[in-house]
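# Fold and contact review
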Amino acid sequence: MPDQISVSEFIAETTEDYNSPTTSSFTTRLHNCRNTVTLLEEQNLRVRYSCGRKLMKEKDLHRSGLVLLFSEVGTEA
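The following paragraphs examine the structure supplied in this document. (Residues numbered from 1 in each chain as written. Predicted model: local features only at pLDDT ≥ 70, side-chain atom pairs only at ≥ 80, totals over all residues. Heavy atoms only, no water.)

### Digging into the overall build of the protein chain
- Secondary structure assignment for the protein chain yields two helices and zero strands.
- Across its three principal directions, the C-alpha atoms of the protein chain cover 85 × 25 × 10 Å.
- The burial tally for the protein chain puts 10% of its 77 residues in the buried class.
- Placing the 9 positive and 11 negative side-chain charges of the protein chain at their respective mean positions leaves the two points 7 Å apart. (Helix = DSSP H or I, 4+ residues; strand = E, 2+ residues; numbered from the N terminus. Buried < 20%, exposed > 50% of the residue type's maximum accessible area, 1.4 Å probe, protein only. Lys, Arg positive; Asp, Glu negative; His and termini not counted. Charge placed at Lys NZ, Arg CZ, Asp CG, Glu CD.)

### A word on the environment of Thr 23
- Tracing the chain through its elements places Thr 23 in the loop between helix H1 (7–19) and helix H2 (26–76).
- The exposure class of Thr 23 is exposed, given its relative accessible area of 57%.
- Along the backbone, Thr 23 and Gly 52 are 29 residues apart, and their C-alpha atoms lie at a distance of 47 Å.
- Within polar-contact distance, the side chain of Thr 23 engages the side chain of Ser 20 at 2.6 Å. (Polar contact = N/O pair within 3.5 Å; in protein donor to acceptor, adjacent residues only side chain to side chain.)

### Notes on the pattern of salt bridges
- All chains considered together, the criterion is met by three salt bridges.
- Note that Arg 29 and Glu 9 form a salt bridge whose closest N and O atoms lie 3.7 Å from each other. Taken as a pair, Arg 29 in helix H2 and Glu 9 in helix H1 lie far apart in primary sequence, 20 residues in all.
- Between Arg 63 and Asp 60 there is a salt bridge, and its shortest N-O distance comes to 2.8 Å. (Salt bridge = Lys/Arg side-chain N within 4 Å of Asp/Glu carboxyl O.)

### Quick word on the side chain of Glu 13
- In this fold, Glu 13 is placed in helix H1.
- According to the relative accessible area criterion, Glu 13 is buried, its value standing at 11%.
- Not counting residues within four places of it along the chain, the set of residues in contact with Glu 13 comprises Ile 5, Ser 24, Ser 25, Phe 26 and Arg 29. (Contact = heavy atoms within 4.5 Å.)

As structure tokens, this is what we get:
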């Protein structure tokens, strides 16, 4: 797994870079920041895809229940 950086580490690095740009190590840690963002985006996409699939399954289940209900009601009338 690529190196990751926490929010508190990122804030500390950016604060150090802002206060003392000539001695900052922010540019060396920039790769870790990019890796963290990439991993978070990939995870977000996976969660979004999974939620979308679950939503579609729930809608299909609801539709099938309505079809069954209306077909039973229609036969009784």
